[in-house]
Amino acid sequence: MSNLTLYNQISTLPNELKKEVADFVAFLKNKATKAKKIKERKFGYAKGFFKISADFDEPLEDFKEYM
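Note that the structure is predicted; figures quoted are calculated from it, not measured.

A.B. asks: Help me understand the overall build of the protein chain, please; the structure alone is not making it clear to me.
C.D. replies: Within the protein chain, the secondary structure is distributed over two helices and zero strands. Expected size for 67 residues packed as a compact globule is a radius of gyration near 11 Å; at 28 Å, the protein chain overshoots this value by more than 25%. If you line up the protein chain on its principal axes, its C-alpha atoms span 80 × 30 × 25 Å. Here the protein chain holds 67 residues, and the buried ones make up 0% of them. When the accessible surface of the protein chain is summed, it comes to about 7400 Å², and 60% of that surface belongs to carbon and sulfur atoms. Charge centroids of the protein chain, computed over 13 positive and 10 negative side chains, lie 19 Å from each other.

Given below as structure tokens:
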């Protein structure tokens, strides 16, 4: 759809609907700017957040018979 076609369609709408179109356009612009504001993750941000037990790499008791 070309800009001219879109403009012609919007210009034939009643004023109440033009207001709704303007609100929707503002919503879409706001949504687009929020999508661009994704922050870059920093290395080490979650350091200390997760705890791994000291025996993490030890074989599980359930699998002893297979070893």
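Structure shown, so let's carry the discussion forward.
A.B. asks: Explanation requested: the packing of aromatic side chains in the structure shown.
C.D. replies: The way to describe two aromatic rings as a pair is by their centre distance and the angle between their planes. If you walk through the whole model with that rule in mind, you get three aromatic pairs. With a centroid separation of 5.0 Å and an interplanar angle of 85°, the aromatic rings of Phe-49 and Phe-50 are classed as edge-to-face. Exposure class is identical for Phe-49 and Phe-50. Each is exposed. With a centroid separation of 6.3 Å and 45° between ring planes, the pair formed by Phe-63 and Tyr-66 is classed as tilted.

Calculation criteria
Residues numbered from 1 in each chain as written. Predicted model: local features only at pLDDT ≥ 70, side-chain atom pairs only at ≥ 80, totals over all residues. Heavy atoms only, no water. Helix = DSSP H or I, 4+ residues; strand = E, 2+ residues; numbered from the N terminus. Rg over C-alpha atoms; globule rule 2.2 N^0.38 Å. Buried < 20%, exposed > 50% of the residue type's maximum accessible area, 1.4 Å probe, protein only. Areas by Shrake-Rupley, 256 points an atom, 1.4 Å probe, with all protein chains shown as cover. Lys, Arg positive; Asp, Glu negative; His and termini not counted. Charge placed at Lys NZ, Arg CZ, Asp CG, Glu CD. Phe/Tyr/Trp six-rings, centres within 6.5 Å; stacked < 30°, edge-to-face > 60°.

Shape is all these values report; function is a separate question.
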